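Spelled out from the first residue to the last, the chains are:
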Amino acid sequence: KSETRTVETIEQVYYRVERNEKRTQLERILLMERPETCMIFCNTKAAVDQIQRFLTGKGYASKALHGDIPQHKRMKNIQQFKRGTYHVEDLSLVINYDVPQDKDSYIHRVGRTGRAGHEGKAISLVTKDDLFTLYEIEEHIGTLIYEAELPTDEELAEEKELADAWKKAHALKSEPEKQAPKSSPRKSKKKRKKPYQRKPYQKGGTQKQGQRQKPKTDKKEAYDRRKTTPAARQKQQVTVSKPQRTDKQKVQAPAAPEKKPLLKRLLGRIFG
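Let me sum up the structure you'll find in this document. Treat the numbers as computed from the prediction; the structure is a model and nothing was measured.

The rules behind the values
Residues numbered from 1 in each chain as written. Predicted model: local features only at pLDDT ≥ 70, side-chain atom pairs only at ≥ 80, totals over all residues. Heavy atoms only, no water. Helix = DSSP H or I, 4+ residues; strand = E, 2+ residues; numbered from the N terminus. Buried < 20%, exposed > 50% of the residue type's maximum accessible area, 1.4 Å probe, protein only. Contact = heavy atoms within 4.5 Å. Areas by Shrake-Rupley, 256 points an atom, 1.4 Å probe, with all protein chains shown as cover. Salt bridge = Lys/Arg side-chain N within 4 Å of Asp/Glu carboxyl O. Phe/Tyr/Trp six-rings, centres within 6.5 Å; stacked < 30°, edge-to-face > 60°. Lys NZ or Arg CZ within 6 Å of the ring centre and 35° of its normal.

## Considerations on the overall build of the chain
Phase 1 of the analysis: Per the secondary structure count, the chain includes eleven helices and five strands.
Phase 2 of the analysis: In the chain, which comprises 272 residues, the share counted as buried stands at 26%.
Phase 3 of the analysis: Summarising the internal contacts of the chain: among those between residues at least 6 apart in sequence, 75% fall at separations of at least 24.
Phase 4 of the analysis: With the model as given, the accessible surface of the chain reaches about 23000 Å², and the carbon-plus-sulfur share is 51%.

Now the structure itself:
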């Protein structure tokens, strides 16, 4: 059974879209189709990363697969993609976000769906620049790819309840954080004391460079200066002690004349 013949058994449609609305129409198509498993193909690795970030931002569980991703991470993403009996090689829906330039690449992409008697569907988002390539693919596979109408707002509103339930079932689930293993208690090590190193002697003490050395003062003098107030200190400087006179230098005042009684003075004047 040839690959071209296998493609004939798959439902193939395409949607005419503008380049700047491809991501918006991609989500609207997903909400209408509600696939159990789906793979979206792009022509560049950068486009794969952009679509993966877009779907993750919308809350969908999605993983990126391309050659720049390390092998161990690619295998991990494939394992996470598996759901029950479904496998990455047996998908319910394939979407060509970009129309492949190679005609055989189209066959390999859509050939991942509709295997082992299961129903499969392939959708391509086609811009006006992709129409000629699409006609070449149709001629190569010998099958006509029908154009479908993009879902309208009314159709999405009618399917909103089912779409919300499908989106919730395929929402991004946060993985539980791995707890770091508890480290065994270590015995506290005693810190070694550094050997004492004597500093080299410097003349004039340990004065830092550029620092003015303070004049040495007597401790008692400094203490007296701190106790006395500025006013008292000024009074001590201005006050001049008066010289004390000795006993010999003292001046004795003359004694006052002795006063006679009044009768003796009268008799003296009478009798001369």
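Having seen it, we continue.
## Re the pattern of salt bridges
Phase 1 of the analysis: All chains considered together, the criterion is met by nine salt bridges.
Phase 2 of the analysis: A salt bridge links aspartate 98 to lysine 22; the shortest N-O distance between them is 2.8 Å. Of this pair, aspartate 98 sits in the loop between β3 (93–96) and α5 (103–110) while lysine 22 sits in helix α2 (residues 22–33), and the two are 76 residues apart along the sequence. There is no split in this pair, since aspartate 98 and lysine 22 are both buried.

## A word on the packing of aromatic side chains
Phase 1 of the analysis: By the definition in use, this model includes one aromatic pair.
Phase 2 of the analysis: Taking the centre distance of 5.9 Å and the plane angle of 50 degrees together, the rings of tyrosine 60 and tryptophan 166 count as tilted. Separated by 106 residues along the polypeptide, tyrosine 60 in the loop between α3 (45–57) and α4 (71–81) and tryptophan 166 in helix α8 (residues 160–169) bring together distant segments of the chain.
Phase 3 of the analysis: Take tryptophan 166: its relative accessible area is 11%, and that puts it in the buried class.
Phase 4 of the analysis: The ring of tyrosine 97 has lysine 22 sitting right over it, with the charged end atom 4.5 Å from the ring centre.

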